[in-house]
Amino acid sequence: MLSFTSSVVIFLILIVIYFVFRREFVIKKKIADFEVKFPDDKNKTDDRSWYDVVIVGAGPAGSTAAFFLAKLGWKCLLLEKKKFPRDKYCGDAVCKTAIEILMEMGIYEQLICEKKAHISDSGGMCSPGGLSYIGRSKEGYGEVPAALACKRILLDEAIAMAAKRMGADLKEEQPVADAKFDSNTGLWTVSIEESDVTFTARVLVCADGAPSRLATKLGIVTQPPASTCSRSYVEGGTHKFKADGVVFYNKDLLPGYAALFRHPNDVLNYCCYIIPGNPKCVPDDIAYWHEHLMKEDPNISRALGNDYKIERMKAASLRLGGEKFSYDTHCIVVGDAAGMIDPLTGEGIHHAMEGGKLAAHFLDEVITHGNYDREVMSIFHDRWMERFGFDFKWSMLFCQLTYRFPILLDAATAAVQRKGDQMLLKWADIMTGRGPRHMLKPEFSFTITFELFLLLIKRLMGKPTKVQKTE
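The structure reproduced in this document is the subject of the present report. Counting starts from 1 at the beginning of each chain's written sequence and moves along it residue by residue. Selection of residues for local features in this predicted model requires a pLDDT of at least 70, selection of side-chain atom pairs for listing and counting requires 80 or more, and totals for whole chains, interfaces and linings are taken over all residues. Where side-chain values are given, they derive from all heavy atoms of the structure, hydrogens and water being excluded.

## Focus on the environment of Gly-129
- For the purposes of this entry, the term helix denotes a DSSP run of H or I that reaches at least four residues, the term strand denotes a run of E that reaches at least two, and both are numbered from the N terminus. As for its position among the elements, Gly-129 is in the loop between strand E5 (122–126) and strand E6 (132–136).
- Owing to a relative accessible area of 40%, Gly-129 belongs among the partly exposed residues under this scheme.
- Once residues within four sequence positions are removed from consideration, Gly-129 is found in contact with Asp-410 and Arg-459. For every residue, the accessible area obtained with a 1.4 Å probe (protein chains only) is divided by the maximum for its type, and the residue is called buried under 20%, exposed over 50%, and partly exposed between those limits. We call two residues in contact whenever any of their non-hydrogen atoms come within 4.5 Å of each other.

See the structure below:
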């Protein structure tokens, strides 16, 4: 009879083998293997009465896809239901992958020079057991910072306008009512709410956010969002927070978390993320946890102080971990609508932008080849899953482990305390979606295991653990 420990080890080994097999040994389909059905589509021209691509939703995913499609020379329509500037509720953290794309788009320096974004340097974490570490990342990361904070009301407009400058046809105040596909012409007809206006295009891209109303209406997305996040801005000069960003892992909220991120002018974004897995923390309770932690979590309340001025809480839904399907005939789904949000962190801006860029280059190949059958469009799903989607499985596994065993986060924080900023940078890579599998690397997993062993001994002996202040 196998012991419990042996069973767990065997189970984990089987999981690793399964994911490695899926990623490395499944035969990959190629666009060129399919029949050419629309040979004239490869001829780039503005003379057609229809667009090559219509994108519904001008958030980071849709606008990034539009930018690169326009850059590649395709006739692209970008529809936004509201007029810019318009808000979006989230944590406002823009991680390294997204920053690299902002640089490529030529708007990173603009955001910094106009004081619309704040580069994060000092940051860290506070574990469920009260362990904490604040370090610096700028020196370790170099030219591209680990993260920056930018209000979505500013970020989304900047990306959309960059797409417009590149040549995408941006149309604001165009709420989409429906989309119908004509199999005879191979064209989508997109209709606008309370209007007779319609647009036609060869390919439809649903980038309409976590609710994913259009992709749901089309039957591509079948489940509602399962998570949520809150946001409140704290007025500059009224708080005591000194770092640029700190994640607070409150034991009762796990696998979710709360965070504080610094914006220009000393403004803070205080946010909470509810991640599925804890039956005591459900999306409908976001207002309770937002207020409760602000007052009752000792680390958060100490960082805010007694005289902080904070706006009313706002909240938004999150679609985590990737949808089973993000494609159909002549159609793909990208960004939050496709669930391109990391289950470990609830963060999705960088995956949305990376997914948008990936979508543009995929569609460039597809249009050039001239086939948009469902099986062809499934290649997009395979590509983004291979790029970062399969890592969501590791993220989900780890976040569920942290809920059941909060001491793992204590051990991770203790490892960062012991190793300093270099270990913090590795943890930052995990938390920003750039390297969730770093947890499996010996220099990380062995260090955490060692700290876990020490913490267990200390707790059994009743010894206190090392705590640092998190202001």
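## Considerations on the packing of aromatic side chains
- In this analysis, rings of Phe, Tyr and Trp, with Trp reduced to its six-membered ring, are considered paired at centre separations within 6.5 Å, and the interplanar angle assigns stacked below 30 degrees, edge-to-face beyond 60, and tilted for intermediate values. Within the structure shown, the criterion is met by 10 aromatic pairs.
- Measuring from centroid to centroid gives 5.3 Å for Phe-181 and Trp-188, while their planes differ by 50 degrees, and the two rings are tilted.
- On the basis of relative accessible area, Phe-181 is assigned to the partly exposed category, the value being 28%.
- A centroid spacing of 6.4 Å and a plane angle of 55 degrees characterise the contact between Tyr-249 and Tyr-257, whose relative ring orientation is tilted.

## Comments concerning the sheet that holds strand E4 (residues 117–119)
- Any two strands between which DSSP finds at least two bridges are classified as paired. The strand order across the open sheet formed by 3 strands is E3-E7-E4, and the pairing between neighbours is antiparallel. The outermost strands of the open sheet, each flanked by one partner alone, are strand E3 (93–95) and E4. Neighbouring strand axes in the sheet, compared pairwise and without regard to direction, differ in orientation by 30 degrees on average.
- In this sheet, strand E7 (residues 147–150) lies alongside E4 in antiparallel orientation, the contact comprising 3 bridges. By the bridge assignment, Ile-119 is partnered in E7 with Leu-148.
- For helices, the axis comes from a line fit to the C-alpha atoms of the stretch in contact; other axes are also lines fit to C-alpha atoms, and the angle between any two N-to-C directions lies between 0 and 180 degrees. Contacting E3 and E7, helix H3 (residues 96–105) runs over the sheet at an angle of about 80 degrees to E3.

## Things to note about the pattern of salt bridges
- Criterion for a salt bridge: a side-chain nitrogen of Lys or Arg within 4 Å of a carboxyl oxygen of Asp or Glu. Following the criterion strictly, the structure yields 22 salt bridges and no others.
- Note that Asp-382 and Lys-29 form a salt bridge whose closest N and O atoms lie 3.8 Å from each other. Of the two residues, Asp-382 is situated in helix H11 (residues 374–389) and Lys-29 in the loop between helix H1 (4–24) and strand E1 (51–56); the sequence distance between them amounts to 353 residues.
- You can call Asp-382 partly exposed: its relative accessible area is 37%.
- When its relative accessible area of 35% is taken as the criterion, Lys-29 is described as partly exposed.
- Arg-136 is paired through a salt bridge with Asp-121; the nearest N and O atoms lie 2.8 Å apart. On the criterion of sequence distance, the pair formed by Arg-136 in strand E6 and Asp-121 in the loop between E4 and E5 is long-range, its members being 15 residues apart.
- Judged by its relative accessible area of 51%, Arg-136 is exposed.
- Linked by salt bridges that have partners in common, Glu-80, Arg-86, Arg-152 and Asp-156 make up one network.

## What to know about the pairing of strand E12 (residues 227–234)
- With 8 of 8 residues buried, E12 is to be regarded as a mostly interior element.
- Neither face of E12 is open: one carries Ser-227, Cys-229, Arg-231 and Tyr-233, the other Thr-228, Ser-230, Ser-232 and Val-234, and all of them are buried.
- Bridge count for E12 against strand E16 (residues 314–318) is 5 bridges, and the pairing is antiparallel. Bridge pairing in E16 places Thr-228 opposite Ser-317.
- The pairing of E12 with strand E15 (residues 268–274) spans 5 bridges and is antiparallel.

## Quick look at the pairing of strand E14 (residues 257–262)
- Within E14, 6 of the 6 residues are buried, leaving the element largely enclosed by the surrounding structure.
- Taking every second residue as pointing to the same face, both faces of E14 are buried, with Tyr-257, Ala-259 and Phe-261 on one and Ala-258, Leu-260 and Arg-262 on the other.
- Where strand E13 (residues 245–248) and E14 come together, 4 bridges link them in antiparallel fashion. Of the residues in E14, the one forming a bridge with Phe-248 is Ala-258.
- As paired strands, E14 and E15 are joined by 6 bridges and run antiparallel to one another. Opposite Arg-262, over in E15, you have Leu-268 as the bridge partner.
- Between E14 and E15, which pair antiparallel one after the other, the connecting turn spans 5 residues, and Asn-265 there sits at a positive phi close to 65 degrees.

## Let's talk about the state of the cysteines
- Throughout, disulfides are identified as pairs of cysteine sulfur atoms within 2.5 Å of each other. Within this structure, the stated rule accounts for 0 disulfides.
- Unpaired in this structure, Cys-229 has its nearest cysteine sulfur neighbour in Cys-90, at a distance of 6.2 Å.

## Side note on the nonpolar core
- The biggest cluster of nonpolar side chains holds 121 residues, and the ones touching the most others in it are Ile-55, Leu-204 and Trp-427.
- The element contributing the most residues to this core is helix H10 (residues 349–369), with 10 residues.
- Discounting chain neighbours no more than four positions away, the residues touching Trp-427 are Met-125, Tyr-249, Phe-398, Leu-409, Ala-412 and Phe-444. Joining through side-chain atoms within 4.5 Å is the link that ties buried Ala, Val, Leu, Ile, Met, Phe, Trp, Tyr and Cys residues into a set, and such a set is a nonpolar core.

## A closer look at helix H8 (residues 286–296)
- The complete set of buried residues in H8 reads Ile-286, Trp-289, His-290, Leu-293 and Met-294. Each buried residue of H8 sits inside an arc of 125 degrees when the element is viewed along its axis, so together they form one side. Those residues of H8 that are exposed and aimed more than 90 degrees away from the buried face are Lys-295 and Glu-296.
- Check the buried side of H8 and you find it contacts E12, E14, E15, helix H9 (298–304) and E16. It is the directions from the helix axis to the C-beta atoms that the arc portrays.

## Comments concerning unusual backbone geometry
- Following Phe-84, the chain continues to Pro-85 via a peptide bond in cis, the omega torsion being 0 degrees.
- Mapped onto the elements, Pro-85 comes out in the loop between strand E2 (76–79) and E3.
- Cis peptide bonds are those with omega within 30 degrees of zero, and the linkage from Leu-254 to Pro-255 qualifies with 5 degrees.
- Assignment of secondary structure puts Pro-255 in the loop between E13 and E14.
- A positive phi is found at Asp-92, a non-glycine position, where the angle reads about 70 degrees.
- Relative to the helices and strands, Asp-92 is located in the loop between E2 and E3.
- The buried category is assigned to Asp-92, whose relative accessible area is 0%.
- A positive phi angle, close to 65 degrees, is found at Asn-265, a residue other than glycine.

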